[in-house]
2 protein chains.
Amino acid sequence: MSSNLIVQKYGGTSVGTIEKIKKVAARIKRMRDSGKDVLVVVSAMAGETDRLSNLARQLSDHPERREIDLLLSSGERISSALLSIALHAIGCPAMALTGRQMGLVTDNTHTRARIKHIHADRAKKLLNENHVVVCAGFQGINELGDVTTLGRGGSDTSAVALAAALNAEVCEIYTDVRGVYTADPRVVPDARKLNMVSFEEMVEMASLGARVLQIRSVEFAKNFNIPILVRSTHDEEDQGTWIGREDSDMEQQVVSGVIYDKDQSKITVRGVPDQPGIAAKIFGALADAAISVDMIIQNVSAEGHTDISFTLQTTDLNEAMPIMEQVAKEIQAVDVSSDSEIAKISVVGAGMRSHAGVAARIFRTLSNQPINIAMISTSEIRVSCIIDQKFTEQAVRVLHDEFHLGENQVSENRSSEGGLKTTSASK
Amino acid sequence: MSSNLIVQKYGGTSVGTIEKIKKVAARIKRMRDSGKDVLVVVSAMAGETDRLSNLARQLSDHPERREIDLLLSSGERISSALLSIALHAIGCPAMALTGRQMGLVTDNTHTRARIKHIHADRAKKLLNENHVVVCAGFQGINELGDVTTLGRGGSDTSAVALAAALNAEVCEIYTDVRGVYTADPRVVPDARKLNMVSFEEMVEMASLGARVLQIRSVEFAKNFNIPILVRSTHDEEDQGTWIGREDSDMEQQVVSGVIYDKDQSKITVRGVPDQPGIAAKIFGALADAAISVDMIIQNVSAEGHTDISFTLQTTDLNEAMPIMEQVAKEIQAVDVSSDSEIAKISVVGAGMRSHAGVAARIFRTLSNQPINIAMISTSEIRVSCIIDQKFTEQAVRVLHDEFHLGENQVSENRSSEGGLKTTSASK
């Protein structure tokens, strides 16, 4: 519809108090007064989702996922109603919409549902009637009419999906950081904010644990070519970080950032019979439980048996272990063990496509410390290593230095690579 | 459907903490294990509705009613999800349903909607599948698909309406008091719990400020002849108070209880031209705003002008005053004033129908104090007086004594009326 539409998403810290909600309302009103249509997506007030989760956990170690979705989705309903009230109070017509009312239909996978389609008729009508539409993030409904949620960070995905459904100009993500950084500034003090990141790089960064955006939101944005602007709620001067299509005007560095993720665990199944179909059994059982597996290593077979190790999110570990123990019994493996004291360190950069030797440089840098690498995975624009969790910060710092990513090192960074300004065609 | 169905409603204090939710779950499970089908209606956890209301009030003096409904209804969604999780945790299959999922359709009057119909197909199906159905009280949806709420105490009405729709045996209302009393025990220490109250008496008592039940729930129960049992969540021994049809076996006292309501205010419009249609203008404007008026007095006309006074809930006063000022201007009245320092004292009893002189006895008792009576209204089974608020407790006590309603006065009560055991036909 309107190509005059801006979608804005405000995270939990941006609407964490009544004062902050008032500030957000004022900001939205300024955008609307400048002539734009505005659709807003809000997260729950900071701390609310954790508060509700804790209540459930006091009642049950394994609360029903359907009921958890009903419970947690209340947080966003509350913040959306409050923001709508705040907008009315300053003379800005607004209406809050729940997941159902915004027509966000998902599949049936409670607590991590995927969006199937959006029937945005009501939002469209309200925008045409000059309302600011305030959507409760993170939630949808399945075809039974039950509430579903999109997983941690799901409000980002709500926002981008609504931006795509309504053909918005841009999806602005307001958060408590100024944008996307070359590394976590808490770990690397001279980490630099990036002005522009490609969708491809951001997908890698998001999936690797840079908590700025939920990965699915970036995939959505990429598929529908919706530019995302990540910026600070508090610092209106800062221009934030654009996430968009790579194009020939983009200045590409070999490496854009170094990311770590401590919420990774490793499961090892030992003494697996080396027969066809065994891997399918192991990973099929996890897929049935909607548990995502990241890296997989299979040892060389010895005497018809092998060991299989894989990594997954630590939050899924408690659910995955009984499944794996069951599978291990069925396939007559020796045993199953887990290790949550690991971390994944990743180096991402679109320029890797045209520059060889980045992986070797990473391995050398880590081994010089020395930091042992337990598993490795790579993509066209990323190299990831699993290491002992206690070396996380050290690894991030030495890699950030190695690729000269710091505030005062931009020129060095380029020169050390011998004139890095490449002009790759857009993909 | 099932005549084996018990509907239970738990108020906010009954589910106010995780520990209390666990206790309620255990109680529900015992009922179900005894062979009953159970549908539960829950209020928000104690304090939650006020917390949410306060957030809204910090943002706006007049928050949008539609958004308030979305906001406040979250409280019951949270408690219903938590109770369902608690039931699962003790091995009792359960499912939480929102207003929409339980098919509770209301009119469009946000914050005090009336139930139009209930499509209880999903609840029926779940009960047939042996689930405990946990319904979020207080809420429904209108035909636009927006969330509506049924007003303070609306969960009672949700419970009785669901009991009617599903043809339940009984609707049990669990609360923090042991039942319905002859007077507020905080005011009258020897107030006595009643074992049985007729629908008609309870309608009068509920509408007069006895906070045990929302009046509309009793009207619903009366219309569909659903017996209500009000009982304590904490004291499982106590048998509570039954509310049902009057029948010839019922032992009737002249007076069943003395009720007070301090949340009353009086509005006076002075110098109203004494012309046809003026009262319709005044009360039509209030009705349009869905504000209920209770007692009305019109002075004798002098020189073509009169004064009109009426009472209403104090919570409606802020909304009513600007409406009345507007109307006063239109009808060229002299001025509008309000007084919130009043109280309504009422004496209720089905036996009044067959006993004359009760009203005179009330007026004499109050005047002996002396307490001045500003307004009077009566029904077949009730006499109400508006007095100065500061005499509230005194008035309740002297009337309670006058009709011998106390713990140790039952026989006296009867004898003083000369053999009160009447056998009126059921109405």
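Residues numbered from 1 in each chain as written. Chains lettered and ligands numbered in written order. Predicted model: local features only at pLDDT ≥ 70, side-chain atom pairs only at ≥ 80, totals over all residues.

(A) Broad picture of the overall build of chain A. When you go through chain A residue by residue, the secondary structure sums to 12 helices and 18 strands. In terms of overall dimensions, chain A is globule-like: its C-alpha atoms have a radius of gyration of 23 Å, near the 22 Å expected for 427 residues. Across chain A, contacts joining residues at least 24 apart in sequence account for 75% of those joining residues at least 6 apart. (Helix = DSSP H or I, 4+ residues; strand = E, 2+ residues; numbered from the N terminus. Rg over C-alpha atoms; globule rule 2.2 N^0.38 Å. Contact = placed C-beta atoms within 7 Å.)

(B) Expanded view of the relation of the copies chain B and chain A. Expressed as a screw transformation, the operator carrying chain B onto chain A has a rotation angle of 180° and an axial translation of 0.1 Å, and the superposed copies differ by an RMSD of 0.1 Å. Each copy turns onto its partner about a two-fold axis. No C-alpha of chain B lies nearer the rotation axis than that of Ser74 of chain B, which sits 2.7 Å from it. Most of the interface of chain B is mirrored in chain A: 100% of its interface residues are interface residues there too. (Least-squares fit on C-alpha atoms with pLDDT ≥ 70 in both.)

(C) Representation of helix 5 (residues 154-165) of chain B. Residue and element names in this part refer to chain B. Under the 1.5 Å per step criterion, the end-to-end length of helix 5 is 16 Å for 12 residues, consistent within 8% with the ideal 16 Å. Taken across its 12 residues, helix 5 has 12 buried, putting it largely inside the fold. Those residues of helix 5 lying buried are Gly154, Ser155, Asp156, Thr157, Ser158, Ala159, Val160, Ala161, Leu162, Ala163, Ala164 and Ala165. Where helix 5 terminates, the next one or two residues include Asn167, which has phi positive at roughly 55°. (Expected span 1.5 Å × (residues − 1). Buried ≥ 20, exposed ≤ 12 C-beta atoms within 10 Å, placed from the backbone.)

(D) Representation of the interface of chain B and chain A in the model. With 27 residues of chain B in contact, the opposing surface of chain A contributes 27 residues. Among the secondary structure elements, those contributing two or more residues to the side of chain B that touches chain A are helix 1 (18-33), helix 2 (48-59) and helix 3 (65-89) of chain B. The greatest single-element share of the side of chain B that touches chain A, amounting to 13 residues, is contributed by helix 3 of chain B. Of the residues assigned to the side of chain B that touches chain A, the class counts are 16 nonpolar, seven polar and four charged. (Nonpolar A, V, L, I, M, F, W, Y, C, P; charged D, E, K, R; others polar.)

(E) Here's a closer look at helix 8 (residues 278-288) of chain A. All names here are of chain A. Regarding helix 8, the residues found buried are Ile278, Ile282 and Leu286. The buried residues of helix 8 occupy an angular sector of 65° when projected down its axis, which confines them to one face. Turned more than 90 degrees from where helix 8 packs its buried face, Ala280, Gly284, Ala287 and Asp288 sit exposed. Where the residues of helix 8 are buried, they touch strand 13 (257-273), strand 14 (293-298), strand 15 (305-313) and helix 9 (317-331). Phi turns positive one or two residues past the end of helix 8, at Ala290, with a value near 60°. (Arc of directions from axis to C-beta.)

(F) Focus on the sheet that holds strand 9 (residues 170-175) of chain B. All names here are of chain B. Ordered by their spatial adjacency, eight strands build an open sheet running 3-6-2-1-9-11-12-10, and the pairing between neighbours is mixed. In this open sheet, the two strands that pair with only one neighbour each are strand 3 (94-97) and strand 10 (196-198). Pairs of neighbouring strands in the sheet enclose a mean axial angle of 20°, with direction left out of account. Inspection of the sheet shows strand 2 (residues 37-42) paired to strand 6 (residues 132-136) by four bridges, in the parallel sense. Counted as the bridge partner of Leu39 is Val133 from strand 6. In this fold helix 1 packs onto strand 1 (5-10), strand 2 and strand 6, with an angle of close to 155° to the strand it touches most, strand 2. Helix 3 rests against strand 2, strand 3 and strand 6 of the sheet, and its axis sits at about 160° to strand 6. (Pairing = 2+ DSSP bridges. Axes fitted to C-alpha atoms, helices over the stretch in contact; angles between N-to-C directions.)

(G) A look at the environment of Gln275 of chain B. Topologically, Gln275 of chain B is positioned in the loop between strand 13 (257-273) and helix 8 (278-288). Put simply, Gln275 of chain B and His305 of chain B are 30 residues apart on the chain and 8.6 Å apart in space, counted from C-alpha to C-alpha.

(H) Structural context of the domain arrangement of chain A. All names here are of chain A. Per the domain assignment, the segments making up chain A are domain 1 (5-176), domain 2 (264-340) and domain 3 (343-416). Each of domain 2 and domain 3 has a C-alpha centre, and these two points are 28 Å apart. Counting residues at the interface gives four residues for domain 2, matched by five residues for domain 3. Looking at the side of domain 2 that touches domain 3 residue by residue, the classes come out as two nonpolar, two polar and no charged. (Domains from an automatic or database assignment.)

(I) Quick peek at unusual backbone geometry. With an omega of 0°, the peptide bond between Gln369 of chain A and Pro370 of chain A qualifies as cis. Following the sequence through the fold, Pro370 of chain A ends up in the loop between helix 10 (358-367) and strand 17 (375-379). Here the phi dihedral of Asn130 of chain A falls at roughly 75°; this positive angle occurs in a residue that is not glycine. With respect to the secondary-structure elements, Asn130 of chain A resides in the loop between helix 4 (121-128) and strand 6 (132-136). With phi around 50°, Asn225 of chain B is a residue other than glycine that occupies positive phi space. Among the residues examined, Asn225 of chain B registers 10 C-beta atoms within 10 Å and is labelled exposed.

(J) Inspection of the pairing of strand 14 (residues 293-298) of chain B at higher detail. Bridge count for strand 14 of chain B against strand 15 (residues 305-313) of chain B is four bridges, and the pairing is antiparallel. Bridge assignment links Gln298 of chain B to a residue of strand 15 of chain B, and that residue is Ile308 of chain B.

(K) The sheet that holds strand 3 (residues 94-97) of chain A, seen in detail. Residue and element names in this part refer to chain A. Strand order in the open sheet made by the eight strands is 3-6-2-1-9-11-12-10, with mixed pairing throughout. Lying at the two open borders of the sheet, with one neighbouring strand each, are strand 3 and strand 10 (196-198). Between one strand axis and the next, the sheet turns through 20° on average, direction left out of account. Pairing geometry for strand 9 (residues 170-175) and strand 11 (residues 228-232), over five bridges, is parallel. Residue pairing across strands places Thr175 opposite Ser232, the latter belonging to strand 11. Packing against the sheet, helix 1 (residues 18-33) makes contact with strand 1 (5-10), strand 2 (37-42) and strand 6, and its axis sits at approximately 155° to strand 2.

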